Amino acid sequence: MNVILTGFMGTGKSSVGKLLARLLGFRYVDLDCRIVEKEGASINDIFRLKGEPYFRSVETEAARETAGESGLVISTGGGAVLAPENRRIFREQGVIVNLIASAEEICSRLKGCDDRPLLKDDSSLQKVEAMLQAREACYADADIRIDTTGKKVEDVAQEIARKLKETGTFGNRTRRA
Ligand code: S3P
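Before going into details, it helps to say that this report is about the structure given with it. (Residues numbered from 1 in each chain as written. Predicted model: local features only at pLDDT ≥ 70, side-chain atom pairs only at ≥ 80, totals over all residues. Heavy atoms only, no water.)

Describing the pairing of strand β1 (residues 2-7)
Basically, it comes down to this: Type-normalised accessible area, obtained with a 1.4 Å probe on protein chains alone, sets the label of each residue: buried when under 20%, exposed when over 50%, and partly exposed for intermediate values. Put simply, DSSP marks the helices as runs of H or I at least four residues long and the strands as runs of E at least two long, and each gets a number from the N terminus on. For two strands to count as paired, DSSP must find a minimum of two bridges between them.
Where burial is concerned, most of β1 is hidden: six out of the six residues are buried. The side-chain alternation of β1 yields two buried faces, one formed by N2, I4 and T6 and the other by V3, L5 and G7. Examined bridge by bridge, β1 and strand β4 (residues 94-100) share six bridges and lie parallel to one another. Directly across from V3, in β4, lies its bridge partner V95.

What follows is the structure, encoded as structure tokens:
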């Protein structure tokens, strides 16, 4: 069984994921890092040179690659849950934990970052709010949702570990259809 972290850019998937893996004694896998390694190019360059549809196809390949493994905390790119096929792959692989943050906090966490191609031309609060709204149903398709707004990475990781234990998630999972 694995833990799959989903959520919008800037919700803390990578930093929380690394810590959560340590707490659970799991191995940490970052799907975006795998894509960068496979392609030998940055996410920005993949979007710029090959386009988003190509990136999304490599993202699905990367998601498939962890099938059959267990004991992983997998952090996914913010748009990985958009494709129903990817959500199906994640469901088969483990427990889906969705990280949430307010649009204001996302904007402040991402301020000065230039590695998010989808926010390159417009990283305004309005843009982030619109994307969050458009993606909400895909993020809501999760076993556990945790609001990270105003919380420290350590506290979020502890909260997830506690919830996984409380819900007996690794043996007795309740999922949305
Ligand atoms: C994306 C999020 C990014 C990365 C790519 C697309 C998205 O990952 O996969 O830029 O569609 O939200 P992070 O959520 O790790 O920034």
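Looking at the nonpolar core
For the record, the criterion: Side-chain atoms within 4.5 Å link the members of a nonpolar core, which is a set of buried Ala, Val, Leu, Ile, Met, Phe, Trp, Tyr and Cys residues. Whether two residues touch is decided by their heavy atoms; if any such pair falls within 4.5 Å, the residues are in contact.
Ranked by size, the top nonpolar core spans 32 residues in total, and within it F8, L31, F90 and V128 carry the most contacts. Discounting chain neighbours no more than four positions away, the residues touching V128 are F8, A103, I106, C107, L119 and S123. Among the nonpolar cores identified, the runner-up in size contains 17 residues, and L20, V95, A157 and L164 belong to it.

Concerning the packing of aromatic side chains
Note the cut-off: A pair of aromatic rings is counted whenever rings of Phe, Tyr or Trp (Trp by its six-membered ring) have centres within 6.5 Å, and the orientation is called stacked for planes under 30 degrees apart, edge-to-face for over 60 and tilted otherwise.
All chains considered together, the criterion is met by one aromatic pair. Geometrically, the ring pair formed by F47 and F55 is tilted, given 4.8 Å between the ring centres and 40 degrees between the ring planes. Under the relative-accessibility criterion, F47 is labelled buried at 14%. The buried category is assigned to F55, whose relative accessible area is 3%.

Remarks on the packing of helix α6 (residues 103-110) against helix α7 (residues 125-140)
This is how the line gets drawn: Lines fitted to C-alpha atoms define the axes, with helix axes restricted to the stretch in contact, and inter-axis angles between N-to-C directions lie between 0 and 180 degrees. Oblique is the label for any angle not covered by the other classes, which are roughly parallel (under 35 degrees), roughly antiparallel (over 145) and roughly perpendicular (65 to 115). Crossings are sorted by hand: turned counterclockwise from the far helix by less than a right angle, the near helix makes the crossing left-handed, and turned clockwise it makes it right-handed.
Packing of α6 against α7 leaves a shortest axis separation of 9 Å and a crossing angle of 120 degrees. The angle between α6 and α7 places the two elements in the oblique class. As for the relative orientation of α6 and α7, their crossing is right-handed in sense. Between α6 and α7, the contacting residues are A103, E104, I106 and C107 on the first element and L125, V128, E129 and L132 on the second.

Some thoughts on the sheet that holds β1
Read from one edge to the other, the open sheet built from five strands follows the order β2-β3-β1-β4-β5, with strand pairing classed as parallel. Both edges of this open sheet fall to β2 (27-30) and β5 (144-147), since each of them pairs with a single strand only. Across the sheet, the axes of successive neighbouring strands diverge by a mean angle of 20 degrees, strand direction being ignored. Bridge count between β2 and strand β3 (residues 72-75): four bridges; the pairing is parallel. Within β3, the position partnered with D30 by the bridge is S75. Sheet strands in contact with helix α1 (residues 13-24) are β1, β2, β3 and β4, and its direction is about 160 degrees off that of β1.

Points about the site of the ligand
As a reminder of what qualifies: Definition of nearness: a residue and a molecule or strand are near each other if at least one heavy atom of the residue lies within 4 Å of the molecule or strand. Polar contact criterion, stated in full: a pair of N or O atoms within 3.5 Å, where within protein one must be able to donate a hydrogen and the other to accept it, and residues adjacent in sequence count only if both atoms are side-chain atoms. Using a 1.4 Å probe, the Shrake-Rupley method yields the accessible areas, and only the shown protein chains count as cover for residues. Grid points spaced at 1 Å over the protein atoms alone were grouped into cavities, where a 1.4 Å probe fits but cannot get out, and pockets, open sets with protein on both sides within 12 Å along at least five of seven lines, with lining residues defined by an atom within 4 Å of a point. Assignment of a molecule to a cavity or pocket requires that more than half of its atoms lie within 2 Å of the corresponding grid points. Residues are grouped as follows: Ala, Val, Leu, Ile, Met, Phe, Trp, Tyr, Cys and Pro are nonpolar; Asp, Glu, Lys and Arg are charged; all remaining types, including Gly, are polar.
The full set close to the ligand counts 14 residues, and K13, R56, G78, R116 and R135 are the nearest of them. Between the ligand and the protein, one listed contact pairs an oxygen atom with a backbone N or O atom of G78 at 2.8 Å. Measuring from an oxygen atom of the ligand, one finds a backbone N or O atom of G79 at 3.2 Å. Considered on its own, the ligand offers 390 Å² of accessible surface; in the complex 94% of this is hidden by protein. Given that more than half its atoms are within 2 Å of the pocket grid, the ligand belongs to the largest pocket. Of all the elements in the fold, those that place two or more residues in the shell around the ligand are α3 (43-50) and α4 (52-65). Tallied by class, the residues present in the shell around the ligand amount to six nonpolar, three polar and five charged.

Nothing here speaks to function; it is all geometry.
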